[in-house]
Amino acid sequence: MNEHTLSMRLERVAAQVPAGARLADIGSDHGYLPVALMRRGVIAAAVAGEVALTPFHAAERTVRDNGHEQLITVRLADGLAAIEPQDDITAVSICGMGGETIRDILDAGKARLSGRERLILQPNGGEQPLRQWLMDNGYRILSEEVLRENRFYYEIIVAERAGPVQYTAEELYFGPLHMQARSPVFLSKWQRMLRQKHKTLSSFARARQAVPEAKVQDVTRQARWITELLA
Ligand code: SAM
């Protein structure tokens, strides 16, 4: 993967960035996503935010090698602290991290969001707490995609602030739009998850030390929801 050829995962993220956007890519690593979008003429400007020094330097190098220093600003910053009011950001991408980490970044930095940005989020697990944050903060989920690459399933969640939104507990767990669309890749993800839940429950049953009842109940409930979904 590089700024010319994105992974399929980042390619699907790129497809959700509106033409002419001013993008903040938080946790940009090498900066491949904003640089690829700028090379293709999709975005008008970008901020690439990185909290760690090595990826920050890598992003600076990708931007410099492509001659985009005027339009892509690379900032060493924690989460949304990379965004400044004068950036006039219209889309925020946060990709390749756990859903809880993405939620914590959004929550810690929500004062930096104007509410007009499209959020393009690609969590690696932890989708449920992330959807919960979106609902609690008035973001409606506009698009959800699951894709499989290198044996892993990746989710992409696109949301915009729209006032109060209500999702059921099952919708927060599976994704409200996924539940309607029931795509083959979504169903195969949950078939795999069901096998994992059953393995977890058998390991609980074999465990030498008693597993807390609440934990057993929680995994049992998840297995029941998945079974009902796949029925
Ligand atoms: N976004 C790229 C992608 O999807 O391919 C890179 C994903 S990489 C696995 C995660 C990156 O997020 C790392 O470079 C890490 O330093 C950065 N990161 C983690 N927490 C962050 C935070 N709070 N603020 C900014 N960057 C963060």
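Undergrad: How should the pairing of strand E6 (residues 139–149) be read in this particular structure?
TA: If a strand is regular, its side chains alternate between the two faces of the sheet. Taken across its 11 residues, E6 has eight buried, putting it largely inside the fold. Strand direction decides the pairing type here: E6 and strand E7 (residues 152–161), joined by 10 bridges, are antiparallel. By the bridge assignment for E7, Glu145 is matched with Ile156. Taking the residues that link successive antiparallel strands as the turn, the E6-E7 hairpin has two residues, and the phi of Asn150 there is positive, at about 50°.

Undergrad: Help me out: how do you make sense of the domain arrangement of the chain in this one?
TA: Bring the parts together and some accessible area is lost; that lost area is often taken as the interface size. Assigned domains of the chain: these are domain 1 (8–166) and domain 2 (186–230). Placing a centre on the C-alpha atoms of domain 1 and another on those of domain 2 gives a separation of 32 Å. Across the boundary between the two partners, domain 1 contributes six residues, which contact four residues of domain 2. Taken as a group, Val146, Tyr153 and Glu155 account for 75% of the area that domain 1 buries against domain 2, more than any other trio of residues on that side.

Undergrad: Before we go on, may I ask you to explain the site of the ligand in this structure?
TA: Taken together, 15 residues lie near the ligand, and Arg9, Gly27, Glu50, Asp78 and Gly79 sit nearest. A distance of 2.8 Å separates an oxygen atom of the ligand from a polar atom in the side chain of Arg9. Its free accessible area being 600 Å², the ligand has 76% of it covered by the protein chains. Mapped onto the shell around the ligand, the elements with two or more residues apiece are helix H1 (8–14) and strand E4 (91–97). In terms of residue count, the dominant contributor to the shell around the ligand is E4 (three residues). For the shell around the ligand, the class distribution of residues is eight nonpolar, three polar and four charged.

Undergrad: Quick question: what am I supposed to make of the side chain of Asp25 here?
TA: Among the secondary structure elements, Asp25 is positioned in strand E1 (residues 22–26). Despite its burial, Asp25 remains without a salt bridge, the nearest opposite charge being carried by Arg9 at 8.5 Å. Here Asp25 is in contact with Leu33, Pro34, Val47, Ala48, Gly49 and Ser93, once residues within four sequence places are set aside.

Undergrad: Quick question: what am I supposed to make of the sheet that holds E7 here?
TA: The strands making up a sheet associate through hydrogen bonds between their backbones, and the pairing can be parallel or antiparallel. As summarised here, the arrangement of the seven strands in space is E3-E2-E1-E4-E5-E7-E6, forming an open sheet in which the pairing is mixed. The open sheet has two free edges, formed respectively by strand E3 (72–76) and E6, since each of these has just one partner strand. The sheet shows a mean angle of 15° between the axes of neighbouring strands, direction not considered. Relative to E7, strand E5 (residues 118–123) runs antiparallel, the two being bridged by three bridges.

The rules behind each value
- Each chain has its residues counted from 1, following the order in which its sequence is written.
- Given that this is a predicted model, residues contribute local features only at a pLDDT of at least 70 and side-chain atom pairs are listed and counted only at 80 or more, while totals for whole chains, interfaces and linings are drawn from all residues.
- In computing side-chain values, all of the structure's heavy atoms are included and hydrogens and water are not.
- Categorising residues by exposure relies on relative accessible area from a 1.4 Å probe, with only protein chains included: less than 20% of the type maximum marks a residue as buried, more than 50% marks it as exposed, and the intermediate range marks it as partly exposed.
- Strands here are runs of E lasting at least two residues and helices are runs of H or I lasting at least four, both read from the DSSP assignment and numbered beginning at the N terminus.
- Paired strands, in this sense, are two strands between which DSSP finds at least two bridges.
- These domain boundaries are the output of an automatic or database domain assignment.
- Contact criterion: two residues are considered in contact whenever any of their non-hydrogen atoms come within 4.5 Å of each other.
- Values labelled buried area give the accessible surface lost by two parts on being combined, using a 1.4 Å probe and summing over both.
- Near residues are defined by distance, with any heavy atom within 4 Å of the molecule or strand qualifying the residue.
- Pairs of N or O atoms are called polar contacts if they sit within 3.5 Å, as long as, within protein, a hydrogen donor faces a hydrogen acceptor (for residues adjacent in sequence, only side-chain-to-side-chain pairs).
- Shrake-Rupley sampling with a 1.4 Å probe provides the accessible areas, and residues are treated as covered by the protein chains on show and by no other component.
- Only Asp, Glu, Lys and Arg are considered charged, only Ala, Val, Leu, Ile, Met, Phe, Trp, Tyr, Cys and Pro nonpolar, and every remaining residue, Gly among them, polar.
- The convention is simple: Lys and Arg are positive, Asp and Glu are negative, and His and the chain ends are not counted.
- Definition used for salt bridges: Asp or Glu carboxyl oxygen within 4 Å of a side-chain nitrogen of Lys or Arg.
- An axis is simply a line fitted to the C-alpha atoms; with a helix, the fit covers only the stretch in contact. Between two such axes, the angle follows the N-to-C directions and lies from 0 to 180 degrees.

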